[in-house]
Amino acid sequence: MSSEKVTSSVAGRQPTTLWGSIWQGVTARPLARHGIPALIVAAAVLIFSYEVGSYTDYELAGVAIIAIAAAGLTVLTGVNGQISLGHGALMAVGAYTTALLLEWQPNLALILVLAISVVITALTGVFFGLAAARLRGPYLAGITLALALALPQLALHFSSVFAGEQGIAINPPAAPSWLGVNFSLEQWLAWVAVAAALVTLVLLANLLRSGVGRSLRAVRDDEVAAMLAGIHVGRARVTAFVISAACAGLAGSLFADWLGLAAPGGFGVTLSLQLLIAIVIGGLGSLVGAVWGALFLMLLPDLTSGLSTAFNLPSAISNNLPQAIFGAVLVLVVLAFPQGIQGGLSRLGVLGRSRWRQRRTLRGSG
Amino acid sequence: MHALLVLTVEGLVQGSIYAAVALALVLIWRATKVINFAQGAMAMFTTYVALVAIHHGLSYWVAFAIAIVCGFALGAVVERVLVRPVEIASPFNVVILTLGLYLFLEAIVPMLFGGSIQSFPPAFAITGMELGKVQVPLSGFDIFTFGCLGVAAVVLTFLFRRTNLGLRMRASAFSPEVSRLLGIRVGRMLTTGWALAAALGALAGVLIAPTVLLQPTYMDEVFIFGFTGAILGGLESLWGSVVGGLVIGLVLTFVGYVSPDLETLAGLIILTAILMVRPQGLFSVHRERRV
């Protein structure tokens, strides 16, 4: 017992048990490090989706969709330091691509629709990314905000293609027949959205741990230093924009399926700001934080509507309560908890681990 | 020809509103290097306060004064309570903070003042005047709006060029450290800058309220176009932003005459075009950043 303790303290990180060595083997490989938690979450969601009703399944799909877009925005804003107030517009590109594709070919396979939407939005992202790479701070914020305001107007102006204010109706993807006749549409949507979210998150997590991720971070922290280190700053910024646009395209395509509609009203400035709220509240720069933010964003309106019915609040208050809380929480997070939910959780985790270690050492010596 | 004249007048009047917003943004930008995304929402809030005053039977002019004083106070409070603790960390955080404030104000206003769309009375007639026998496409309220902007711009120029307070404000924006060493209360200067800007925003809010219907989002577009004007003017110069705002007002009125749907899109295209050619705005004296 005592000799084992000595080796572990001397050799530091050397695993002492079978489980320890397995754990280290897993965490050393990025794909396994991110893939295994994703598989565990996938299994949990699979079981969960059967246990809950179709309303909760629908909500779950919404959380997953917002999480995809927020994760994309995390790469752009949190990791690369480019603020975007117009991500809702990029989601609209994905949504309208999906709507027009399905109008043209109603029986196109789901995976193809998603892939084409992602590619088209990513190409749009190249275009805007090239423009954005030249801009800093307030200029970038302003141009992306103008984008969020102006792009829905395009749908109104060319109403013969985009069907104007009422938008294009979409038949959500039907569940495959082998899942049985009683399998609800909402559950299928939840599966598709969660699967897409997990794939996106694993891919992004791996990317951020690679050289590409490091160069994105380097550009955010100090452009001149990054340049001296041989990083092509402009290319890094465009790359971040394209990755983030691809995520927005995927999220937008699924969002259109989720709403059953691609209409300008759904993709306004509010959506863009909500994505920003999600990543800031969740913890800027953290992919897991984006998921927390998406959860918060989707669950808060449910909570306040429950509150409103319980206290019988007038509609002028109950309709605006979520936004007031979002605004107040955003201000509060910036003032008091700049690390967001994920920052708080990881601080708690570090605290807990060090306590546990302390107690273990005390017990060992006593 | 008549249509051209009508559009020009309309454009300049609209433009003077955008110019007021642009001027307010520039004031804050010069002082703290931050864009206040809550500028429009703050103006919306003070306009609602003025409307409540009118509904309580106070005269237009009292309500007008109340809006501006409220704006001044709101700006000072926002700077002192919210912005000051954050601004040391990073400008990005201040942007997020003002966005949060924007969302909060737009949600809290319908809770306090009711969500229905309301109309705001003008100080003068908003229909065209008749000079002799000729119908002139210029209303009393148009002249008032234009005059207010002119007075505001001249007063601000006088303040910055000729007064001790203006000198101190310019000094603290130019170099906070040195100013502090010279005994200037830099913090107080920043608060003054924000308060002045918010008062100016409140002025814009009250002036545009009679021509649009009052609802919590009515300042959103005004803010965007004012912001475009400020960027056109380079974000640094007061008169640059006035010119920028007027130009935006003119261009958008002409575009809106062709197709009303394209107004916002035209704003985006102008903004993109300017920023692509000159990423630092038209009137800016700053050196371009090399990447």
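Residues numbered from 1 in each chain as written. Chains lettered and ligands numbered in written order. Predicted model: local features only at pLDDT ≥ 70, side-chain atom pairs only at ≥ 80, totals over all residues.

**A word on the overall build of chain A**
Part 1: Assigned secondary structure in chain A consists of 17 helices and two strands.
Part 2: Against the 2.2 N^0.38 benchmark of 21 Å for 366 residues, chain A shows a C-alpha radius of gyration of 23 Å, consistent with a compact globule.
Part 3: Taken over the C-alpha atoms alone, chain A extends approximately 80 × 55 × 45 Å along its principal axes.
Part 4: For chain A, buried positions account for 47% of its 366 residues. (Helix = DSSP H or I, 4+ residues; strand = E, 2+ residues; numbered from the N terminus. Rg over C-alpha atoms; globule rule 2.2 N^0.38 Å. Buried ≥ 20, exposed ≤ 12 C-beta atoms within 10 Å, placed from the backbone.)

**Let's talk about the overall build of chain B**
Part 1: Scanning chain B from terminus to terminus reveals eleven helices and two strands.
Part 2: Of the regular secondary structure in chain B, the N- to C-terminal order runs α-α-α-α-β-β-α-α-α-α-α-α-α.
Part 3: Relative to the 2.2 N^0.38 estimate, which gives 19 Å for 291 residues, the radius of gyration of chain B is 19 Å and therefore close to what a compact globule would have.
Part 4: Considering chain B as a whole, with its 291 residues, one finds that 51% of them fall into the buried category.
Part 5: In chain B, once contacts between residues fewer than 6 apart in sequence are set aside, the share between residues at least 24 apart is 70%. (Contact = placed C-beta atoms within 7 Å.)

**Considering helix α2 (residues 39-55) of chain B**
Residues and elements named next belong to chain B.
Part 1: Along its 17 residues, α2 runs 25 Å from first to last C-alpha, staying within 8% of the 24 Å computed at 1.5 Å per residue.
Part 2: Among the 17 residues in α2, 13 count as buried, and that is most of the element.
Part 3: Following α2 by one or two positions, Gly 57 has its phi on the positive side, about 95°. (Expected span 1.5 Å × (residues − 1).)

**Considering the interface of chain B and chain A**
Reports often express the size of an interface as the amount of accessible area lost when the parts come together.
Part 1: The partner chain A presents 39 residues to the 42 residues of chain B that form the contact.
Part 2: Among the residues making up the side of chain B that touches chain A, the classes are represented as 30 nonpolar, nine polar and three charged. (Nonpolar A, V, L, I, M, F, W, Y, C, P; charged D, E, K, R; others polar.)

**A word on the packing of helix α9 (residues 220-232) of chain B against helix α11 (residues 263-277) of chain B**
Residue and element names in this part refer to chain B.
Part 1: Interhelical geometry of α9 versus α11 gives an angle of 20° and a closest axis separation of 10 Å. The angle between α9 and α11 falls in the class roughly parallel. With respect to the hand of their crossing, α9 and α11 are arranged in left-handed fashion. Across from Glu 221, Ile 224, Phe 225, Thr 228, Ile 231 and Leu 232 in α9, the residues of α11 making contact are Thr 264, Gly 267, Ile 270, Leu 271 and Ile 274.
Part 2: Partitioning the contact of α9 with α11 into residue classes produces seven nonpolar, three polar and one charged. (Axes fitted to C-alpha atoms, helices over the stretch in contact; angles between N-to-C directions. Parallel < 35°, antiparallel > 145°, perpendicular 65-115°, else oblique. Left-handed = near helix turned anticlockwise from the far one by under 90°.)

**Structural notes on helix α7 (residues 137-157) of chain A**
In an α-helix, one turn spans 3.6 residues; hence positions three or four apart end up facing the same way.
Part 1: For α7(A), spanning 21 residues, the distance from its first C-alpha to its last is 31 Å, which sits close to the expected 30 Å at 1.5 Å a residue.
Part 2: Approximately 25° is the largest bend angle found in α7(A), and it occurs at Ala148(A), with the proline Pro152(A) only one to four residues beyond. (Bend = angle between axes of the 7 residues up to and from the residue.)

**So, the packing of helix α13 (residues 269-282) of chain A against helix α16 (residues 321-336) of chain A**
Packed helix pairs are specified by the crossing angle of their axes together with the interaxial distance, meaning the distance between the axes.
Residues and elements named next belong to chain A.
Part 1: Running from N to C, α13 and α16 point in directions that differ by 40°, and their axes come no closer than 10 Å. On the basis of the axis angle, α13 is oblique to α16. The two elements α13 and α16 meet at a crossing, and its hand is left-handed. For the pair α13 and α16, contact is made by Ile 277, Val 280 and Ile 281 and by Phe 326, Val 329, Leu 330 and Val 333, respectively.

**What about unusual backbone geometry?**
Note: most peptide bonds trans; most residues except glycine with negative phi.
Part 1: You will see that Asn312(A), though not glycine, has its phi angle at about 55°, which is positive.
Part 2: Tracing the sequence through the fold places Asn312(A) in the loop between α14 (287-311) and α15 (315-318).
Part 3: Classification of Asn312(A) as exposed rests on a count of 7 C-beta atoms within 10 Å.
Part 4: One non-glycine residue, Leu235(B), lies in positive phi territory at about 65°.
Part 5: Here Leu235(B) shows up in the loop between α9 and α10 (238-258).
Part 6: Note on Leu235(B): 27 C-beta atoms within 10 Å, which makes it buried.

**Some words on the confidence of the model for chain A**
Residues and elements named next belong to chain A.
Part 1: Residue-level pLDDT values for chain A average 84, and 95% of them are 70 or greater.
Part 2: Element-level mean pLDDT values for chain A span from 43 in helix α1 (residues 2-11) up to 93 in helix α12 (residues 233-259).
Part 3: Across residues 1-12, confidence stays below pLDDT 50; counting only partners more than four residues off in sequence or on other chains, it has three contacts. (pLDDT = per-residue confidence, 0-100.)

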